[in-house]
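Given next are the chains, with one letter for each unit.
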Amino acid sequence: LLLAACLRSVSNSSEVGNTRCMQLVLGGHGLGLDRSSFKALTDSLKVNKSLLRIVLSSNSVNDYGADQIAGALKTNTSLTSLVLSKNQITDIGCSSLAEVLQVSNRTLLSLDLSQNRISNSGAKEFIRCMQDDKTYNSVLTQIRFSGNEDISESVLIRIENLLEANSYRLQQDVLELIQDKDTKGRWNRCKLMVVGNGRAGKTATVRSLLGQKFIPEWNSTIGVNLSHSVTRQNGTWLNVGAVGTGSLISTPKKSFDFTSSFATNLYMREQSTVGGNTSKSVSSLTQKLPVLDDLDADEPKDKHKDFTDMIYSYNEQLLLDGVQGKDSLCFNIWDYAGQSVFYDLHHLFLTNLGIYLLVFNMSNFSTANLQMWLDVIYTHAKDAPVMLIGTFLDEVDDLSKVQVDIRNLVSRYLPELNVIQNGQDGIPFFTLNNVNGDGIDSIRKHIEEEARSLDFINKLVPLRWMKCLDEMMESAYRTDDVDKDPWIPLVDVKSVGKSYGILSSSEVEEMLSFLNELGMIIYLTASEMLKQLVIVDCQWLIDAISLIIRDEKLHQRVNPIDVKNGIIDRDLLENVWREYRVDTDFLIDFMRQALLLSEWKFGTAEKMYLIPSLLNEENEQSSASSKDKYVCDFVASGASTLGGNLPLGIFGRLVCLCVAYSNRYSDSMQPKISRSWGEIWFGADCFNLKRSQAKISLSLISSDFAPRCLAIILSMLEKISVDFLHGEVFSCWNVFLKESDIDIHDREDSILDYENAKKKKISPWFDSQSNKNNSVETDTDVVNMSNTFLN
């Protein structure tokens, strides 16, 4: 009775030692369960969703017990192996089991009835189970009858033939699904993005989700760490590594075959529908196998090599995964480093198709930091669900204060953001103690429920996309002996797709966009160069960039590199990347196009590069006060932020563009730049940029240069808005300009929004004489500018 209660609790997401109960072995104990105990045990199996195998051998299980087990199998959807050997089951109990397997159950793959009291009459029920014209079991692949002396060899051979027919049928049906270019099905895959400040417990939370042991002194995440999990709709999260991804340091294990697993899961999903068998009839399949007309004949027409183990030759593990995975969810987990140096990098990989876990330390948190992250999510994925997870529960003295603060903060973002509510506690966040796992079950449950409700989870994905993905993964699979590029040119992807029936460029783009959103590949469209590349190994790219962009205080290098205020030379980049078989030219060009890097051509013959993420926090601003005569503010609008925070990574990208444009002029002076301020020259003309919490300010003293400078900065912000904020410049930014010769602090009406300033033609921004003297670019020039200055 206690065991039955335990199995019920397992079905309700209870766990012991962070490991789900997947196998129950009572074999050989001779417990002699009475009727009430056996009924309690089988009743628990009706609701249990985690057990995969049960061994009840040598326990005096009789026909009553077999009938109770048959009743449990009607509703149980997890059990794949059942061992009932060395018991007292007769033809009556055997018939009960055969009937439920014929009519209801499409999960059990293996049944051991050896050494019972079964005769031909009972064994023949399994023949009917697998060859009935209307409803038959097509997934049963192993039955053991050895030791039942009253079963004739001819009956055993007929059963073996039917098991082999099942194997043949499975192979043929799955193969037909794979070969059918129109096959579609649910992929049940979701991206899980774990964000938050450094040292908030993000990696510990991921480990808790995966049932891994808490490690107090865990190294801080560098860049992004990818992992892959499967949940079996029972609260069990299995860590299966990072499918299709490798790393710079270790050779990846080849663990991808999305086509076969997708098709098998789809097939088993169809088979799980009672009476829903759509495969060819048994008679047409068994004609290639030995068929016995007389089941009671003394001698079989075809001797069986071994009557003890009747196992089909089909890939058993693939079928097992298909049965267990037909309703499972796959999570691609992206654990983002929380240090500010990585913020520019993260924006490339924040996508809309997924769930965000915003992790914060309840014992020491800032609502301002949480507001910043909520703004980041709103900027890049305003439709994605967000779950707030408060960690360090064991160190919180006053949880009620945390609840009040989080409620007040989250209320500002509702209903624009989809914040997952903790229904159990009535608060908009979830508490977690990673040391002992307290709270992780509820978090798992809510993540899974939310994921299953998302539209893209139920999207019918063409199987031909899986074929294309497999071939892309194969083409970039690296080993110690074979060195391949972890990216593929778009033209090659189109060629692969064409061979699998993906004939239009629009479908190729749709497929790549979908796979990128789910974190399976990296496909960026911020420039024409990036559009021509598909990064197949996500972890490789992140690791390669993170060899350069990292927090030197936390992530020390074996061989330190000399980076002077964000400036680094090419030789140094080559030395860092060469050790890890990285193509320097490719990565430099990639980072340049993604606005993570810009050439630095000031006063040196060497190839130098600026990496804004590595700039010092502060730099001398002695000349800033002399450049604020004419001021223009670019304030993030409600379309890109709700909390008033400037989207992270934007200022660094704007600096990249400005430096690249400055490089065009031989007489440009060397810029002075920090993380939040810059003094930059376009030839002989100088201006300042300054970043604050909610805006970027442009200031300068030259009235003649003001119109042209405004046009150039607007063009750059247009590119950033389209590429990284998913909108046009004036939908993402509110632009305010100060009238000339008026003290900005004396009159509030001296600051006008862009449209009114343009209408009033305020000087010097829209002054006709200034425009004439400075040869302002035409509208076409301004639009095209952002597409040419990187070339």
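Rules and cut-offs
The numbers attached to residues start from 1 for each chain and follow its sequence in the written order. Since the coordinates come from a predicted model, pLDDT governs what is reported: local features require at least 70, and pairs of side-chain atoms require 80 or more to be given and counted, while whole-chain, interface and lining totals use all residues. Only hydrogens and water are removed before side-chain values are computed, so all heavy atoms of the structure are retained for them. Under the scheme used here, helices are H or I runs from DSSP no shorter than 4 residues and strands are E runs no shorter than 2 residues, and both carry numbers assigned from the N terminus. Expected helix span is computed as 1.5 Å times (number of residues minus one). Here's how the labels work: a residue is buried when its accessible area is under 20% of the maximum for its type, exposed when over 50%, partly exposed in between, all with a 1.4 Å probe on protein chains only. We call two residues contacting when some pair of their heavy atoms lies within 4.5 Å. N or O atoms within 3.5 Å of each other form a polar contact, as long as, within protein, one can give a hydrogen and the other can take it, and as long as residues adjacent in sequence are counted only when both atoms are side-chain atoms. Stacked, tilted and edge-to-face are the three classes applied to pairs of Phe, Tyr and Trp rings, where Trp contributes its six-membered ring and a pair requires centres within 6.5 Å; stacked means planes under 30 degrees apart, edge-to-face means over 60, and tilted covers the rest. By the criterion adopted, a ring carries a charge over it if an Arg CZ or a Lys NZ lies within 6 Å of its centre and within 35 degrees of its normal. At least two DSSP bridges between two strands are required for those strands to pair. To get an axis, a line is fitted to the C-alpha atoms, and for a helix only the part in contact is used. The angle between two axes follows their N-to-C directions and goes from 0 to 180 degrees. Values of pLDDT, which run from 0 to 100, indicate the predictor's confidence residue by residue. The crossing is said to be left-handed when, going from far helix to near helix, the turn is anticlockwise and less than a right angle, and right-handed when the turn is clockwise. Amino acid classes used here: Ala, Val, Leu, Ile, Met, Phe, Trp, Tyr, Cys and Pro are nonpolar; Asp, Glu, Lys and Arg are charged; the rest, including Gly, are polar. Whenever Lys or Arg places a side-chain nitrogen within 4 Å of a carboxyl oxygen from Asp or Glu, that contact is recorded as a salt bridge. Here the word oblique covers every angle except those under 35 degrees (roughly parallel), over 145 (roughly antiparallel) and from 65 to 115 (roughly perpendicular).

Over its 15 residues, helix H12 (residues 367-381) extends 20 Å from the first C-alpha to the last, a length consistent with the 21 Å expected when each residue adds 1.5 Å. The element H12 is largely enclosed, with a buried count of 12 among its 15 residues. As for H12, its buried residues are in contact with strand E7 (189-195), helix H11 (343-346), strand E11 (354-361), strand E12 (385-391), helix H13 (399-411) and helix H23 (706-724). Capping the start of H12 is the job of one residue whose side-chain oxygen sits 3.2 Å from the backbone nitrogen of Ala-368: Ser-366.

This brings us to the environment of Trp-465. Locating Trp-465 in the fold gives a position in helix H15 (residues 463-475). For the pair Trp-465 and Met-511, spaced 46 residues apart in the sequence, the C-alpha separation amounts to 6.7 Å. When residues no more than four places from it in sequence are discounted, the contact partners of Trp-465 are Lys-459, Ile-502, Glu-507, Glu-510, Met-511 and Phe-514.

A word on the packing of aromatic side chains. All chains considered together, the criterion is met by 19 aromatic pairs. Ring centres 5.8 Å apart and planes at 40° place the aromatic pair Trp-334 and Phe-349 in the tilted group. One end of the pair, Trp-334, is in strand E10 (residues 329-336); the other, Phe-349, is in the loop between H11 and E11, with 15 residues separating them in the sequence. Assessed through its relative accessible area of 2%, Phe-349 is described here as buried. Aromatic pair Tyr-661 and Tyr-665: ring centres 5.9 Å apart, planes at 70°, arrangement edge-to-face. A residue is classified by how much of its surface remains accessible, and Tyr-665, at 26% relative accessible area, is partly exposed. Counting every residue linked through ring pairs, the aromatic cluster contains Tyr-661, Tyr-665, Phe-682, Phe-687 and Phe-705. The ring of Trp-187 carries Arg-189 above its face, with NZ or CZ at 4.6 Å from the centroid.

The next subject is the sheet that holds strand E24 (residues 685-691). Here we have 7 strands laid out as an open sheet, ordered E22-E23-E24-E25-E21-E26-E27, and antiparallel in their pairing. In this open sheet, the two strands that pair with only one neighbour each are strand E22 (672-673) and strand E27 (751-753). The pairing of strand E21 (residues 630-636) with strand E25 (residues 695-700) spans 6 bridges and is antiparallel. Counterpart to Val-635 in the pairing with E25 is Lys-695. Where helix H22 (residues 650-662) meets the sheet, it contacts E22, strand E23 (677-682), E24, E25 and strand E26 (733-738), and its direction lies at approximately 25° from that of E23.

Attention now goes to the confidence of the model for the protein chain. Of all residues in the protein chain, 79% attain a pLDDT of 70 or more, and the chain-wide mean is 81. Across residues 772-783, confidence stays below pLDDT 50; counting only partners more than four residues off in sequence or on other chains, it has 14 contacts.

Turning our eyes to something else, we now look at unusual backbone geometry. Across residues other than glycine, the phi torsion is negative in most instances, and most of the peptide bonds are trans. Each neighbour pair has its own omega, and for Leu-414 with Pro-415 the value is 0°, a cis peptide bond. That bond from Ser-763 to Pro-764 is cis: its omega, 5°, falls within 30 degrees of zero. Examined against the element boundaries, Pro-764 turns out to sit in the loop between helix H25 (754-760) and helix H26 (768-774). Phi at Ser-58 is positive, roughly 55°, even though this residue is not glycine. Within the fold, Ser-58 resides in the loop between strand E2 (53-55) and helix H3 (63-73). With a relative accessible area of 27%, Ser-58 lands in the partly exposed category. Located in the positive-phi region is Arg-199, a residue other than glycine, with phi close to 65°.

Another point: the pairing of E25. Burial analysis of E25 places 5 of its 6 residues in the buried class, the great majority of the element. In terms of strand pairing, E24 meets E25 through 4 bridges, oriented antiparallel. Directly across from Asn-688, in E25, lies its bridge partner Ser-699. Counting the residues in the hairpin turn of E24 and E25 gives 3 residues.

A word on the packing of H12 against H13. Put simply, H12 and H13 touch, their axes get as near as 11 Å, and they point 35° apart. The handedness of the crossing between H12 and H13 is right-handed. Within the contact between the two elements, H12 uses Thr-367, Leu-370, Gln-371 and Leu-374 and H13 uses Asp-405, Ile-406 and Leu-409. Classifying every residue of the contact of H12 with H13 by side-chain character gives 4 nonpolar, 2 polar and 1 charged.

Here we have 5 strands laid out as an open sheet, ordered E1-E2-E3-E4-E5, and parallel in their pairing. The open sheet terminates on both sides in strands that have one partner only, identified here as strand E1 (23-25) and strand E5 (142-144). Sheet twist, expressed as the mean angle between neighbouring strand axes with direction ignored, is 0°.

Turning next to the pattern of salt bridges. Here the structure, examined in full by the defined rule, presents 19 salt bridges. Several salt bridges converge on common partners, so that one network encompasses Arg-570, Glu-574, Arg-578 and Asp-585.

Now for the pairing of E7. The element E7 is largely enclosed, with a buried count of 7 among its 7 residues. Along E7, one buried face is formed by Arg-189, Lys-191, Met-193 and Val-195 and the opposite face, lined by Cys-190, Leu-192 and Val-194, is buried too. By the bridge criterion, 5 bridges tie E7 to E11 in an arrangement that is parallel. When the bridges of E11 are listed, Leu-192 appears paired with Ile-355.

A pair of packed helices is captured by two measures, namely the crossing angle of their axes and the spacing between those axes. Closest axis-to-axis distance for the helix H8 (residues 258-271)/H15 pair is 8 Å, and the angle between their directions is 155°. Looking at the two axes, H8 sits roughly antiparallel to H15. The segment H8 lies against H15, with Phe-258, Thr-259, Phe-262 and Ala-263 engaging Leu-463, Met-466, Lys-467, Leu-469, Asp-470 and Met-473. In the contact of H8 with H15, the residues fall into 7 nonpolar, 1 polar and 2 charged.

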